[in-house]
Amino acid sequence: MNMRKLLLIVALLGAFGVVVGGLSCSRRGSSEDQLTICFGFQDLETEFWVAGHKAITETLRAKGIRVLERNANQDANRQLEQIRDAIAQEVNGIIIIPQDGESAVTIVGEANRAGIPIAVFNRPPSDRSNPALVIVADNEKIADEAVAYMAKVAREKGKGRKWKPLIVVGDLGDRNAVARRKGFFNVMERNPDLFETPIEVPSKWDPATTLANLEAALQANPDVDFLFTSSDFLYPQIKAVLEPLGKWKKIDEPGHVILGGLDGDSTAYTLMKEGYVDATGVQDLFFEANTIMEALLTAIEVGQKTPENWMEDPGFALTQENMAERADEMWGYRVLHDE
Amino acid sequence: MQSSGNVTSQTRIARLKEVVIGRALLSDSFVLYLSVAYFVVLWVFLPRLGSARNLSNLSSNIWPLLVLVIGQMFVLIVGGIDLSQTSIMAITSVCGALMMTSGLDPELFAANPLWGVFIGEQGGPAGGSVAAAPVGIAFMLAIGTLIGSANGLAVARLKMPPFMVTLVSMFFFSGLAIFITRSENVRNLPDAFLAVGQNYLGRVPTARGPVGLVPYSFFAALALAVAAWFVLARTILGRWLYAVGMNRRAATVSGVPTDRVIVWAYAVSGFCAALGSVLYSSRLGAGRPTLGENVLLDIIGAAVIGGISLFGGKGKVRWAFYGVLFFVLLDSSLYMLNLKFYTVNIVKGVVILVAALLDVLRNRIRLGWAPTGRAVTA
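Structural notes, computed from the coordinates. Note that the structure is predicted; figures quoted are calculated from it, not measured. (Residues numbered from 1 in each chain as written. Chains lettered and ligands numbered in written order. Predicted model: local features only at pLDDT ≥ 70, side-chain atom pairs only at ≥ 80, totals over all residues. Heavy atoms only, no water.)

## Section: the overall build of chain B
(1) Moving on: A count of helices and strands for chain B gives 15 helices and 2 strands.
(2) Moving on: Against the 2.2 N^0.38 benchmark of 21 Å for 378 residues, chain B shows a C-alpha radius of gyration of 23 Å, consistent with a compact globule.
(3) Moving on: Overall size of chain B, expressed as C-alpha extent along the three principal axes, is 95 × 60 × 35 Å.
(4) Moving on: Every one of the 378 residues in chain B was classed for burial, and the buried ones make up 56%.
(5) Moving on: Total accessible area computed for chain B in this model is approximately 16200 Å², and 68% of it derives from carbon and sulfur atoms.
(6) Moving on: Looking at charge distribution, chain B has the averaged site of its 28 positive side-chain charges lying 16 Å from that of its 13 negative ones. (Helix = DSSP H or I, 4+ residues; strand = E, 2+ residues; numbered from the N terminus. Rg over C-alpha atoms; globule rule 2.2 N^0.38 Å. Buried < 20%, exposed > 50% of the residue type's maximum accessible area, 1.4 Å probe, protein only. Areas by Shrake-Rupley, 256 points an atom, 1.4 Å probe, with all protein chains shown as cover. Lys, Arg positive; Asp, Glu negative; His and termini not counted. Charge placed at Lys NZ, Arg CZ, Asp CG, Glu CD.)

## Digging into the interface of chain A and chain B
(1) Moving on: Listed as interface residues are 54 residues of chain A and, on the opposing side, 48 residues of chain B.
(2) Moving on: Summed over both partners, the interface of chain A with chain B comes to about 4600 Å²; 53% of that surface belongs to carbon and sulfur atoms.
(3) Moving on: In this structure, the connection of chain A to chain B is made through 6 salt bridges.
(4) Moving on: One salt bridge connects A:Arg78 with B:Asp331, and the closest N-O pair in it is separated by 3.5 Å.
(5) Moving on: On inspection of chain A and its partner chain B, the count reaches 17 residue pairs in polar contact (both at pLDDT 80 or more).
(6) Moving on: Secondary structure elements with two or more residues in the side of chain A that touches chain B: helix H1 (2-27), strand S2 (66-71), helix H3 (76-88) and helix H4 (101-114) of chain A.
(7) Moving on: Per element, the largest residue contribution to the side of chain A that touches chain B is 12 residues, and it comes from H1(A). (Contact = heavy atoms within 4.5 Å. Buried area = accessible area lost by both parts, 1.4 Å probe. Salt bridge = Lys/Arg side-chain N within 4 Å of Asp/Glu carboxyl O. Polar contact = N/O pair within 3.5 Å; in protein donor to acceptor, adjacent residues only side chain to side chain.)

## Section: the side chain of B:Arg53
(1) Moving on: Within the secondary structure, B:Arg53 is located in helix H3 (residues 52-77).
(2) Moving on: Buried charge without a salt bridge: B:Arg53, with A:Glu110 as the nearest opposite-charge side chain at an N-O distance of 5.8 Å.
(3) Moving on: Beyond its immediate stretch of four places on either side in the chain, B:Arg53 contacts A:Ile87, A:Ala88, A:Ala114, B:Thr206, B:Arg208, B:Gly209, B:Pro210 and B:Val211.

## Re a nonpolar patch on the surface
(1) Moving on: A cluster of nonpolar side chains, contributed by B:Val41, B:Val44 and B:Phe45, occupies part of the molecular surface with about 270 Å² of accessible area.
(2) Moving on: Looking at the element boundaries, B:Phe45 is found in helix H2 (residues 30-45). (Patch = residues over 30% accessible without salt bridge, like charges linked within 9 Å, V, L, I, M, F, W, Y side chains within 5 Å.)

## Notes on the pairing of strand S1 (residues 200-204) of chain B
All names here are of chain B.
(1) Moving on: Where S1 lies against strand S2 (residues 211-215), 4 bridges are found, and the strand directions are antiparallel. Looking at the pairing, Val204 lines up with Val211 of S2.
(2) Moving on: Two successive antiparallel strands, S1 and S2, enclose a turn made up of 6 residues, where Gly209 displays a positive phi of approximately 95°. (Pairing = 2+ DSSP bridges.)

## Brief notes about helix H9 (residues 216-234) of chain B
Residue and element names in this part refer to chain B.
(1) Moving on: The end-to-end C-alpha distance of H9, which contains 19 residues, comes to 27 Å, matching closely the 27 Å that a straight helix rising 1.5 Å per residue would cover.
(2) Moving on: Among the residues making up H9, those that are buried are Ser217, Ala221, Leu224, Ala225, Ala228, Leu232 and Ala233. Viewed end-on, H9 has its buried residues packed into an arc of 140°, placing them on one side of the element.
(3) Moving on: Looking at the buried positions of H9, the neighbouring elements they touch are H3, helix H8 (191-198), S2, helix H10 (236-246), helix H12 (258-284) and helix H14 (317-336). (Expected span 1.5 Å × (residues − 1). Arc of directions from axis to C-beta.)

Structure (C-alpha cells):
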C-alpha cells in the first residue's frame, strides 16, 4: 500500500510540476505586443553553430524580442513539426538552420503558406521554389582561395614534384559541402602538374565517421601530403590520425602535411598560430548573423509576409601570409579572445 | 450509534477510493482521461493549444506515429521488441524514392552503385509514369514486410534474442540506406505520393490562411487501426499472439504455432514501419537515408504510456492511440510552454518513466483484486 501511495504521489507531483513550472516559464516576460521570433536549429554540435546560436539569440533578446528556441536534434521531421508548432503560436518571424537543403524547402513552404517571414541561416534551401531570406557564405570561392594558397606553398616547397592531395568531404546533401568540394577541385584542375588524383574521404559531418574513414584512407595511401578539410571542426580527428603516423608536423618541420580547412573556428586559429595549419577559409559568422537578423526584422517591420533575398557572405582565406593583419576578422579568433 | 456512523463513513471512503482507483486508474481509458484532463487544464492558460492550426498540427503528427506504434505493439504483445523499425523506415524511404523519382542530379548520384542499372538521370524505373506513386508505395511496403519477416524468422527459428536481432537489423539497414544513396536525399517524387503526407481533406479559414482539417495520413492510419483491431480481437491469430506473449512454452504445448505467430508479428511491424516511412517521406518531400533516426524513443515511449506491456501479452489498438495522443500532446504542449529544449527531453523522459511505474502499479493492483490474472486482449 505504501508503495502504491508513493508511486501515485510521485506521478501527481511530476505532472503538477510540469504544468506549474511550464506555465510560469511561458508567462514570464511575455506580453501580447512583444515581437516573437522562433529560432529553429538542427543541433549545436560544432563551434560554428554554437557561436551562431549565441550571436542570434543574444542579439535578439538584447533588442527586447522574445525568442522561442527549438532544437531538432538533427531530425528533419522534428524540425518541421517544431516550426509548424511555432506557426500555431503565431510568431512574427522564423529563423532556421535547417538539417539539409531539402527539408529547408518544405519548412520555408510551411511558413510561406502561413504568411510568416522566414530566414535561413548559412545552410541554403536546395532550390528557390519557396521565397525566403537566405544568408550563405560563398563557399566555393572561399575554399578556392584557401586551397590556392596551399597549392602555392606546395609549388614553392615541391620544386617540381607532384603532391598527393586528400579532401575530407562534408555531407553532400548540404550545398555548402558541395560548394567547398567544388572549390577544392577547381584548384586541382588549375594545377594538373602539381597534384596526383585527389582522394575523397566522406565525413557526413560526423567526427566518428571522419576518424574511421580517414584512418582507412591513410592506411591505403600513406604518402598523402596535402590535406583539406571541408570543416575546421574535424581538426581533432585529423590530428588523431596524422600524429601516430608521424605526419602531424609544424610548417617548418620536415614531413609537414600541407593543411587547410574552412569555417574559421578557434581551433583553426590556434593551429595556425602554432604553425600546424597553412590556411583556412573564413566565413564571417557575425556578419551572417547580423545580416539575416536585420533582414528579417525589416521584413516584419514593413509587413512583408514572404520576403525573398539571397545574401552572400564573401568570406576570405586566412593564410600564414596575411594572418598578422587579418586574424582579428576571423570569428574563431574573436570567440577565443571574448572567452 | 457513533461507532456505526464511523463504520459507514469508513465504508464510504473505501468505496470512493475503490471507485477512483478502480474506475480511473485501472480503466482501459485511463490515458485518454489523462490526456483530456491535461489538455483542458493547459487550454485555460494557453488558449492557442486549442487553436485550429494547433489542432491540425496535432492531428498531422499523431497518425504517422500511430502507424509505427501499432506495428511495435504486435511485437511487444508476443514479448519481443523491434528496434529496427527506424532503419526499415530509412531503407524503404530511399528504395521507394529511387523507384519513383522522376529525375536525379548526376553530380550527386553518379557515384551511386545503382547508377546506370536501376537509376539514371531520368530517375527510377517507375519515374514519370502515372503508376509511379502506387508502384513506389507497394515497393516500400513489400521491402518493409520482407525485412520484418526476416527478423521474425531469426527470432522464432534461430531462437535469437529479439533485442539482438533487431539491433543488428537497425545497424545494417540504416548503413545500407546511406550506402545506397551515398547519404543523399532523393527528390522529385510524384505529386500523388507527396499528397499522402501533405494534403488534407477540408480546410478551415484562419487569420493566417486556411488550415487543413483531416490529413490524408489519417485514412491510412484508420485503415491500419481497424485491420489491426480486427486481427487482434476477432481472429484466432490475435488469440495466438496474446498466448505467445503471456507464456510461449504454454502456448506451444497448447498447439499454438508459436514460430509462425512470431514471424507474423515481426512482419506486421515491418509493414507498419514501411507505411510510417510512406507518411513521413511524403510529408518531407524526399526519400531520406536518415529518416526515423530519432523516432524510436517516441515509438517505445508512446507504447509504454498507452499501457502496452514491455513484458508481452498485453496491448490494444486503442491503447496505442491513447499513448500516441498523450505523447504528441505532451510534446506539443511542452514546446508551447516554451521550455528549453533540454528541459523538454528531460520532462519526456520523466513522463515515460512515470508511465512505466504506473503500469507496474496498475498490474499490482489488478493482480491484488483478481489474483487469477487474465490476458488483456483487444
